[in-house]
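Each chain, written out:
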Amino acid sequence: MPEAPEEKNPERIPERKNPPFQSLSFTLAEEPRGRSVVRMARRDDGMYSLHVEQGSGGNPKVRFTRMVPQGTAQQLKDALQNAGVFDWKPEYGNVAGRPAMRWTFNLVFKEGVFSMASAGGNDAPPSFGVLMEQLYRLDLPRPEEGVANAAQAGGAWLPGMDFSKLEGLLPEGGLEGFSLEEFQRMFAEASANPAEFSERLRSEFRSLPPDEREELLDALAAMGMASRAWWENFLGGAGL
């Protein structure tokens, strides 16, 4: 009797069919950093529109608006649920002596069926930091990294990438022709012709099977040049 074919990546969990939520909005105003807004909304095609802006309510500056896959929204929802964010009280207050801060968080799981809303000041719930970390992973600029993240969002390439971090992350032989040496050569070409390099990398990425796309995104994020969400958007975008 012939042996059954080996299952590829048996540990990978298939993407769930039901959407994790319909929409999410978060607003944070704090001194002296100002105001930040994050919005996510599910589209008819199953993708999510991710919108990030900063600045005053009367003069907001859009950082970016882009599409992200349902898997990204699912990871966000799971992380917030595990941290207890969905158990937050409707209202939190302020503590004297702390920097001024106001925030609102709204999430609609299913329109007209179930939603949650919470708001408060500087006496935020303990898991507030988990929410912020998850939003930073979606490329909300960190306060101490505003300049670097702005450059990444604009498509700039940052010097000093450590390609040695890719060793051990790439399968033997690379990913569909992407060996460590190939990565090094392609990134060396980026500074000479960034537009051609970008289009080539996107084309190669879209030709990969879904599981190898995931492995490639993990490897790129491990370099520390940009977040996984940034690479996911840069390589796949709305057309993936």
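Residues numbered from 1 in each chain as written. Predicted model: local features only at pLDDT ≥ 70, side-chain atom pairs only at ≥ 80, totals over all residues. Heavy atoms only, no water.

## Looking at the overall build of the chain
Here is the rule we go by: Elements are defined by DSSP. Helices are runs of H or I of four residues or more, strands are runs of E of two residues or more, and each kind is numbered from the N terminus. Relative accessibility thresholds used throughout: buried, under 20% of the residue-type maximum; exposed, over 50%; partly exposed, between the two (1.4 Å probe, protein chains only). What makes two residues a contact is simply this: any of their non-hydrogen atoms within 4.5 Å. Residue burial considers only the protein chains on display, and all accessible areas are found by Shrake-Rupley using a 1.4 Å probe.
A tally of helices and strands in the chain yields 7 helices and 6 strands. Starting at the N terminus and walking to the C terminus, you meet the elements of the chain as β-β-β-β-α-β-β-α-α-α-α-α-α. Going through the 240 residues of the chain one by one, you find that 41% of them count as buried. Here the analysis covers contacts within the chain between residues at least 6 apart in sequence; of these, 57% occur between residues at least 24 apart. For the chain, the exposed surface amounts to about 13400 Å²; the carbon and sulfur share of it is 50%.

## Description of the nonpolar core
Put simply, the rule reads: Nine residue types can take part in a nonpolar core, namely buried Ala, Val, Leu, Ile, Met, Phe, Trp, Tyr and Cys, and a core is a set of them joined through side-chain atoms within 4.5 Å.
Counting 31 residues, the largest nonpolar core has Phe26, Met40, Trp88, Trp103 and Phe105 as the members making the most contacts within it. Listing elements by their share of this core, those giving two or more residues are strand S1 (23-30), strand S2 (34-42), strand S3 (48-55), strand S4 (60-68), helix H1 (70-82), strand S5 (101-110) and helix H2 (128-137). With near-sequence residues (within four places) excluded, methionine 40 lies in contact with Phe21, Gln22, Ser23, Leu24, Tyr48, Ser49, Leu50, Val68, Ala73, Leu76 and Leu138. Counting 10 residues, the second largest nonpolar core, distinct from the first, contains Leu201, Leu217, Trp231 and Leu235.

## Looking at unusual backbone geometry
Residue aspartate 139 is not a glycine yet carries a positive backbone phi of 80°. Judged by its relative accessible area of 9%, aspartate 139 is buried.

## Some remarks on the side chain of threonine 72
With respect to the element layout, threonine 72 can be found in helix H1. Those residues within four positions of threonine 72 in sequence are excluded, and the remaining contacts are Leu138 and Glu232.

## Considering the confidence of the model for the chain
Put simply, the rule reads: Each residue carries a pLDDT score, the predictor's own confidence in it, on a scale running from 0 to 100.
Of all residues in the chain, 65% attain a pLDDT of 70 or more, and the chain-wide mean is 75. Per-residue pLDDT stays below 50 along residues 1-14; that stretch engages in 7 contacts with residues further than four places along the chain or on separate chains. Here residues 145-169 scores under 50 on pLDDT; set against residues more than four positions off or in separate chains, the count is 44 contacts.

## Considerations on the pattern of salt bridges
Put simply, the rule is: Just to be clear on terms, a salt bridge is a Lys or Arg side-chain nitrogen sitting within 4 Å of an Asp or Glu carboxyl oxygen.
Applying the stated criterion to the full structure yields 6 salt bridges. Here arginine 43 and aspartate 45 are joined by a salt bridge, their closest N and O atoms 2.6 Å apart. With relative accessibility at 33%, the residue arginine 43 sits in the partly exposed group. Sharing partners across several salt bridges, the network here consists of Arg35, Arg39 and Glu53.

## Notes on H2
In an α-helix, one turn spans 3.6 residues; hence positions three or four apart end up facing the same way. Burial in H2 covers these residues: Phe128, Leu131, Met132, Gln134, Leu135 and Tyr136. Next to the buried residues of H2 lie S1, S2, H1 and S5. Aspartate 139 occupies a position one or two residues after H2 and carries a positive phi of about 80°.

## With respect to the pairing of S1
Rules: Criterion used throughout: strands pair if DSSP finds at least two bridges between them.
Of the two faces of S1, the one lined by Leu24, Phe26, Leu28 and Glu30 is fully buried and the one lined by Ser23, Ser25, Thr27 and Ala29 carries no buried residue. One ladder, built from 8 bridges, connects S1 with S2; its direction is antiparallel. Following the sheet pairing, phenylalanine 26 is matched in S2 by valine 38. Across 8 bridges, S1 lies against S5 in antiparallel orientation. Within S5, the position partnered with alanine 29 by the bridge is arginine 102.

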